[in-house]
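# Structural features, examined
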Amino acid sequence: AQSVSQHNHHVILSEAASLELGCNYSYGGTVNLFWYVQYPGQHLQLLLKYFSGDPLVKGIKGFEAEFIKSKFSFNLRKPSVQWSDTAEYFCAVNWGSSNTGKLIFGQGTTLQVKP
Amino acid sequence: DGGITQSPKYLFRKEGQNVTLSCEQNLNHDAMYWYRQDPGQGLRLIYYSQIVNDFQKGDIAEGYSVSREKKESFPLTVTSAQKNPTAFYLCASSTWDRGRGEQYFGPGTRLTVT
């Protein structure tokens, strides 16, 4: 079955620390990959997405993610986090073979950044 | 302002009652989705619709029903058959774009059933 796994459920960092959140999906084929973020009290919104081409993609607010096809992974990174990055982060995958817009989400990672 | 509206923000119901959650979008998107968000489980897809008058079950459709009579609207009914209805419900919409369309989310409805 199609599934998405996020390894870190709760991450606590100090400001200026580097961030890497893991995301793996169950099997290959054509995939469309997304990271969404939910800031406290706000709507879920798109951070970045990958469909094809350069496997290193840049998103909003200094976030980037790297697609490693051989590892079925799409990890999210940020070199230096800020207190305002405190939020819940979700990885989501659309399998192109489904021919739908259906997304499978990971369990989410809660990031707490201490000032 | 373009976007997705969900109402109400909080909803309380007694066990055994059906309840309908509203979702409206003015983004002219063809596709709409309903998710359920529970702590530690991420978002799970309940139903989705890619076009008016058509919808498909997602991963956890049991105990839920939907309709898509208008492009702008995709209401979700939580029936008394849903065993654990208390949850946060999110509606989203997107363009089709071969599964690449960014999904735009509403503010959610928190349903509590006692």
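Notes on the structure follow. (Residues numbered from 1 in each chain as written. Chains lettered and ligands numbered in written order. Predicted model: local features only at pLDDT ≥ 70, side-chain atom pairs only at ≥ 80, totals over all residues. Heavy atoms only, no water.)

### Digging into the overall build of chain B
Secondary structure assignment for chain B yields zero helices and 11 strands. N-terminal to C-terminal, the α/β element order of chain B is β-β-β-β-β-β-β-β-β-β-β. Computed over the C-alpha atoms, the radius of gyration of chain B is 13 Å, within 12% of the 13 Å expected from 2.2 N^0.38 for a compact globule of 114 residues. Across its three principal directions, the C-alpha atoms of chain B cover 40 × 30 × 30 Å. Contacts in chain B between residues far apart in sequence, at least 24 positions, make up 51% of those at least 6 positions apart. (Helix = DSSP H or I, 4+ residues; strand = E, 2+ residues; numbered from the N terminus. Rg over C-alpha atoms; globule rule 2.2 N^0.38 Å. Contact = heavy atoms within 4.5 Å.)

### A few points about the overall build of chain A
Summing up its helical and strand segments, chain A has zero helices and 12 strands in all. Starting at the N terminus and ending at the C terminus, chain A contains elements arranged as β-β-β-β-β-β-β-β-β-β-β-β. For 115 residues, the compact-globule estimate of 2.2 N^0.38 gives 13 Å, and the C-alpha radius of gyration of chain A, at 14 Å, lies within 12% of that figure. Counting only C-alpha atoms and orienting by the principal axes, one finds that chain A spans roughly 45 × 25 × 20 Å. When the 115 residues of chain A are sorted by exposure, 47% land in the buried category. Here the contacts in chain A between residues at least 6 apart in sequence split such that 56% fall between residues at least 24 apart. Carbon and sulfur atoms form 52% of the exposed surface of chain A, whose accessible area is close to 5,200 Å². Where the 9 positive side-chain charges of chain A centre and where its 7 negative ones centre are 5 Å apart. (Buried < 20%, exposed > 50% of the residue type's maximum accessible area, 1.4 Å probe, protein only. Areas by Shrake-Rupley, 256 points an atom, 1.4 Å probe, with all protein chains shown as cover. Lys, Arg positive; Asp, Glu negative; His and termini not counted. Charge placed at Lys NZ, Arg CZ, Asp CG, Glu CD.)

### Side note on the nonpolar core
Residues Trp35, Leu48, Phe74, Leu76 and Tyr89 of chain A are the most contacted members of the largest nonpolar core, which totals 30 residues. The set of elements that each furnish at least two residues to this core consists of β2 (10–14), β3 (19–21), β5 (31–38), β6 (44–50), β8 (64–68), β9 (73–78), β10 (87–95) and β12 (109–114) of chain A. Counting 21 residues, the second largest nonpolar core, distinct from the first, contains Leu11, Trp34, Leu76 and Cys91 of chain B. (Core = buried A, V, L, I, M, F, W, Y, C linked by side-chain atoms within 4.5 Å.)

### Quick word on the side chain of glutamate 64 of chain A
All names here are of chain A. Structurally, glutamate 64 can be placed in strand β8. A relative accessible area of 16% places glutamate 64 in the buried class. Looking at glutamate 64, its side chain comes within polar contact range of the side chain of lysine 58, at 3.0 Å. Once residues within four sequence positions are removed from consideration, glutamate 64 is found in contact with Leu48, Leu56, Val57, Lys58, Asn75, Leu76 and Arg77. (Polar contact = N/O pair within 3.5 Å; in protein donor to acceptor, adjacent residues only side chain to side chain.)

### Digging into the pattern of salt bridges
Scanning the model with the defined rule gives eight salt bridges over all chains in all. With a shortest N-O distance of 3.1 Å, arginine 77 of chain A and glutamate 66 of chain A are connected by a salt bridge. Remark: glutamate 66 of chain A occurs in strand β8 and arginine 77 of chain A occurs in strand β9; sequence separation between them is 11 residues. Taking the relative accessible area as the measure of exposure, arginine 77 of chain A reaches 22% and is therefore partly exposed. Among the residues examined, glutamate 66 of chain A registers a relative accessible area of 28% and is labelled partly exposed. Ionic pairing is found between aspartate 38 of chain B and arginine 36 of chain B, a salt bridge with its closest N-O pair at 2.7 Å. The residues aspartate 38 of chain B and arginine 36 of chain B share a single accessibility class, namely buried. Bridged by salt links that share partners, the residues Lys58, Glu64, Glu66 and Arg77 of chain A form one connected network. (Salt bridge = Lys/Arg side-chain N within 4 Å of Asp/Glu carboxyl O.)

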